[in-house]
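# Fold and geometry: a report
The primary structure of each chain is shown beneath.
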Amino acid sequence: MLLIHTIWSFYSCFFSGIDYVVGYWSGNNDWSKFPKPIDFFFKIIDRVTYSTAFPFTLLLTKKFYEGQSQILKIEKQQKENELKLLRSQIDPHFLFNNLNTLDSLIDSDSEKAKEYINRLSLIYRYLIQTKDAEVMELQSEIQFAENYIFLIETRFGNDYKFTV
């Protein structure tokens, strides 16, 4: 890659030099005022710099925004993967804890146990339906929260206070 850039720089300087000499010659300029070799060299470098600065800036800007876009995509994918991992870790614990609560409810309050099973099934139905959804209706989210709050309040009694 460095070789390509070196060759491109050489050709740019070479053709820019030819362009300058041809322009100087066709302008009927006084050849005694033609720049000395070192001045000619710096004049050519200056011309090449001016002719390549804008396209190079555009290229760098484009690469910067492509990089930013790629970073955002990677961050989004990482968040989605973290959420999926979190969901897969929570589900077994959530089910285990709720089954223990249900076990104790069956003996003490069978009507509340039936409601508990119903709310638990509504929560799992919601989780299954929304596992890949990015956006949900507010009413569905509120219903999910109310069902979840019921499970927590049944499990922990008055230890927590919720307000919707």
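Everything that follows concerns the structure shown earlier in this document.
Everything in this summary refers to the structure shown in the same document. Given the structure is predicted, the values throughout are model-derived calculations rather than measurements.

## A look at the overall build of the protein
A count of helices and strands for the protein gives four helices and zero strands. Taken from N to C terminus, the helices and strands of the protein fall in the order α-α-α-α. Computed over its C-alpha atoms, the radius of gyration of the protein comes to 36 Å, more than 25% above the 15 Å expected for a compact globule of 164 residues. When its C-alpha atoms are laid out on the principal axes, the protein stretches across 110 × 30 × 25 Å.

## A word on a nonpolar patch on the surface
On the surface, F10, F14, F15, I18, V22, W25 and W31 cluster together into a nonpolar patch covering about 790 Å² of accessible area. Among the structural elements, F14 can be located in helix α1 (residues 2–26).

## Considering the packing of aromatic side chains
In total, this model carries ten aromatic pairs according to the counting rule given. Relative to Y124, the ring of F94 lies with its centre 5.8 Å away and its plane at 50°, an arrangement referred to as tilted. Highlighted residues: F94 in helix α2 (residues 37–108) and Y124 in helix α3 (residues 110–129), separated in sequence by 30 residues. For Y124, a relative accessible area of 21% corresponds to the partly exposed category. With 5.4 Å between their ring centres and 75° between their planes, F156 and Y160 make a pair best called edge-to-face.

## Focus: the pattern of salt bridges
Throughout the structure, instances matching the rule amount to four salt bridges. Through salt bridges with shared partners, one network takes in K62, K63 and E66.

Quick notes on the rules
Residues numbered from 1 in each chain as written. Predicted model: local features only at pLDDT ≥ 70, side-chain atom pairs only at ≥ 80, totals over all residues. Heavy atoms only, no water. Helix = DSSP H or I, 4+ residues; strand = E, 2+ residues; numbered from the N terminus. Rg over C-alpha atoms; globule rule 2.2 N^0.38 Å. Patch = residues over 30% accessible without salt bridge, like charges linked within 9 Å, V, L, I, M, F, W, Y side chains within 5 Å. Areas by Shrake-Rupley, 256 points an atom, 1.4 Å probe, with all protein chains shown as cover. Salt bridge = Lys/Arg side-chain N within 4 Å of Asp/Glu carboxyl O. Phe/Tyr/Trp six-rings, centres within 6.5 Å; stacked < 30°, edge-to-face > 60°. Buried < 20%, exposed > 50% of the residue type's maximum accessible area, 1.4 Å probe, protein only.

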